[in-house]
Amino acid sequence: MLASFWQDARFAIRVLARHPVFTLAAIATLALGIGVNSAMFSLVDAVLLRPLPFGHPESLVSVYERRQDATTLTVSGHEYVAWRDRSHAFDGMAIYDYRTVNLTTGGEPELVEAMAASANLFGVLQIRPQLGRGFVAGEDSTPAARVAVLSSHLWHDRFGAQQDVIGREIRLDGEPFTVVGVMPPRGDLDPDLWIPFDVSADAQKVGKHSSLVTARLAPGATVAGAERDLDRIAVELEREYPAFNVDHRVHVVPITRDVLASARGPLLVLWGAVTFILLIACVNVAHLLLTRAAARHKEVAIRTALGASRRRMLSQLVTESVVLAVGGGAVGLLLALWTVRLLPRIQSVHLVRLGEATVNGRVLVATAVLALLTGVASGLLPAVRGSRLDVARFLGEGVRTSRVHGRVGDAFMVSQVALALVLLVGAGLMLRSLERLLAVDPGFHPQGALVMDLALPAARYARPELQAQAISTIVSRVRQLPGVTAVGTTTRLPLTACCDVHPVTIEGAPPPAPGQELSAALSVVGGDYFRATGIPIRHGRSLTGADARRAVPLIRYFEQQPYPRFFTEPQPAAVAVINEAMARAYWPGRDPVGLRFRILYSPWITVVGVAGNVRQTGLAAPSQPEMYLPASQEPRREMTLVVRTTQSDPLALAGSVRDAIHAIDAIPIQHVRTLDQVVRDSVGEPRFYAGLLATFAALALLLAVVGIYGVISYSVAQRTHEIGIRWALGARPADVLRLVLARAMSLTVLGVAIGIAGALALTRLLSGLLYDVPRDDPLTFAFISGAMLIVALVASWVPAARALRVDPSASLRE
């Protein structure tokens, strides 16, 4: 059998080499279909199919607090301790959070991402360092040990992969830490380094939700069972902490689903899109092979008359299509390699493990299998039809070839139109959604603003008054630079902010029902932040320098007190600006300026102004209640500096701003960009997915146009005799055009109708990816359908115009 296959393959290569135009056209079509599928599979393989780099990830879960309204929140330390000590459903549970710290190793300070984790995190995840050790029991107790574990990328980039890094002292926020281990490379899931989490201290901050929890299920335990077990503990916490835990329950999510949740839907939609492209390519090549088989009927008849069995002819014809597919697969693999190398360069897309996409062994095997299946799929029908004929009839008819049955060509054309229309509708919906998203008012004016992230070293700025003074000095120095019109700082840069939500109490309002506590996001701002970002003050006034003379640390003052100690000191004068959403939610129908609220058990805070709503977490997310406190009242070491300038390119000012800050102190600076870039990056993923789907739809349309042209062109060629007779009988050019175009357009209309039905069924998969656009948007369906009809008309016009040039006398002589 193998010898027969190689014989058929050699013969197929010789036959195909004698028809280079046909061969190149078929290989190019298949290469396009196979190439985009191989590239997409490499991306899906990296993101979705490869197991997460943990031991037995199928038993790992993430644990969140769930409120009565189904909102999921990060975890408070006292909840973690109760879950860890009282639950029976887990083999281990770890708590962690992310922090930005200044790393100093003798040179320039650098801002790095640190994960503060309980000592058992590495054991729960079942990962081991490649050098040294992880944390040991007790290193997360109060006070936490000053040890650090480096990530592989930080070890290579900052320490040159030196083996003697173990035991070396580094400084984090000015404090000495000893490196005890280096983790193996695990892609972009790792922070820069790990430090111990002070579990005991965090457990005292009852009600402060800022930590994440991961756990490993015990043997035999299920996610649902673990959730019921933690809900039982939640009921116990409700009795123990009635002010904080009423109607709080627990949400347990498999870690694979948690980490990959945002990527799974879009990638599966894109994978489906490239599958459609491959189907259209297969239909195109099948029609090419079917057309060629019609021209080879006499050859097949002669070989059959000489004793070749139908099975033998079928094998030969299928082998030819497989050879074409192998050639298409080889070229497609090169296309996939080129495409995959471009993916890591897309800076605005924060898709987990995107940079790990590569054409590895699994992708090679998948491409080979795909090429084989494509060859069989595209060649089987033409082979069956080409090998089934009446030998005596075809030998008796001399050189005249048989006519391909019209119904098969019609079916090919209808299917290509339908498949292409589904992709075009999906791309149209995504592009309309992106257009609507880009038209959203973010609530600020991004043009002409420079932003950069700063972090004051903890060793020199441990006290709040020192932090407040440093912020004031930085703002003052930068404001003096030429071309600067306003300078401000914030802890929550618009479109990038997350979390930091605090319970609030409204003075004079009745206490909320249990489980219905009021809350608002907290932004700490300094300088002239509202003018620097262009956030309008709708009512009242902005925060001013005069507020600094009434400075008190509000939230920190409370957090230093053990629960449930209350304030006994005189209430100092504290002020805040709130946004319109908070004003409407908590003072409906009233002017909130001059009224008061407090955060947790802070002193009463007076509202002095109402700012416009800002899209803090993304353009698609509605504005939530938010309060702005002056940095003098609640200073933070980590902040984002916003500089508004008259220069056309704000980045040209970055060097001067950096020098002005470093003249004050060696403060690390990173993520220097414009506010316009922040806006663009915030829609990076929607733009990426919409762009890919639009590209795939354009490829599908191109293949469909080629297919329509091929079907109609072949139909005209087969009907040359009939058209000649019509000319001889006095037909007008309009009659001939109508003859050709009516058939093409009737098939296109049928394909459009089927495509609309398919799009209505399949676009429900896009619902979660669309913003302010219904998945059955009539405008999109109407526009795409009309465009497809016009494109089909254009593709059919060339064959129709050729029919006008048919010579009646020559046609009748034939």
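Residues numbered from 1 in each chain as written. Predicted model: local features only at pLDDT ≥ 70, side-chain atom pairs only at ≥ 80, totals over all residues. Heavy atoms only, no water.

### Focus: the pairing of strand 17 (residues 574-579)
Successive residues of a regular strand alternate their side chains across the two faces of the sheet. Note the following rule: Categorising residues by exposure relies on relative accessible area from a 1.4 Å probe, with only protein chains included: less than 20% of the type maximum marks a residue as buried, more than 50% marks it as exposed, and the intermediate range marks it as partly exposed. Working definition: helices are DSSP H or I runs of at least four residues, strands are E runs of at least two. Numbering for both runs from the N terminus. At least two DSSP bridges between two strands are required for those strands to pair.
A large share of strand 17 lies buried, amounting to six of its six residues. Looking at chain direction, strand 17 and strand 19 (residues 605-611) are connected through six bridges and run parallel. Paired with isoleucine 578 across the two strands is valine 610, which belongs to strand 19. Both strand 17 and strand 20 (residues 626-630) contribute to a ladder of two bridges, which runs antiparallel.

### A look at helix 7 (residues 223-240)
Spacing of three or four residues puts side chains on the same side of an α-helix, whose turn is 3.6 residues. Worth spelling out the cut-off: One fewer than the residue count of a helix, multiplied by 1.5 Å, yields its expected span.
Taking 1.5 Å as the rise per residue, helix 7 with 18 residues should run 26 Å; its terminal C-alpha atoms sit 26 Å apart, in good agreement. Taken together, the buried positions of helix 7 are Ala226, Glu227, Asp229, Leu230, Asp231, Ile233, Ala234 and Leu237.

### Structural notes on a nonpolar patch on the surface
What counts, and what does not: Only residues above 30% relative accessible area that lack a salt bridge enter a patch, with like-charged residues linked at up to 9 Å and the nonpolar side chains Val, Leu, Ile, Met, Phe, Trp and Tyr linked at up to 5 Å. Every accessible area reported is derived by Shrake-Rupley at a probe size of 1.4 Å, with residue values counting cover from the shown protein chains alone. A pair is scored as a salt bridge if a Lys or Arg side-chain nitrogen falls within 4 Å of a carboxyl oxygen belonging to Asp or Glu.
Together, Leu335, Trp338 and Leu342 give the surface a local cluster of nonpolar side chains, amounting to about 280 Å² of exposed area. With respect to the helices and strands, leucine 342 occurs in helix 10 (residues 310-342). The class of leucine 342 is partly exposed, set by a relative accessible area of 33%.

### Quick word on the pattern of salt bridges
Per the counting criterion, the structure on display carries 28 salt bridges. Here arginine 146 makes a salt bridge to glutamate 175, at a shortest N to O gap of 3.6 Å. Here arginine 146, found in the loop between strand 5 (131-132) and strand 6 (147-150), pairs with glutamate 175, found in strand 8 (residues 175-182); they are 29 residues apart in sequence, far enough to count as distant. With relative accessibility at 43%, the residue arginine 146 sits in the partly exposed group. The network of salt bridges with shared partners includes Arg86, Asp229, Arg232, Glu236 and Glu240.

### A closer look at the pairing of strand 10 (residues 212-217)
In terms of residue burial, strand 10 counts as a mostly covered element, since five of its six residues are buried. Sheet analysis places strand 1 (residues 60-66) next to strand 10, joined by four bridges and oriented antiparallel. Bridge pairing in strand 10 places valine 61 opposite alanine 215. Of the pairings in the sheet, the one linking strand 3 (residues 90-104) to strand 10 comprises six bridges and is antiparallel in character. Paired with isoleucine 95 across the two strands is valine 213, which belongs to strand 10.

By themselves, these are just geometric observations and shouldn't be taken as functional.
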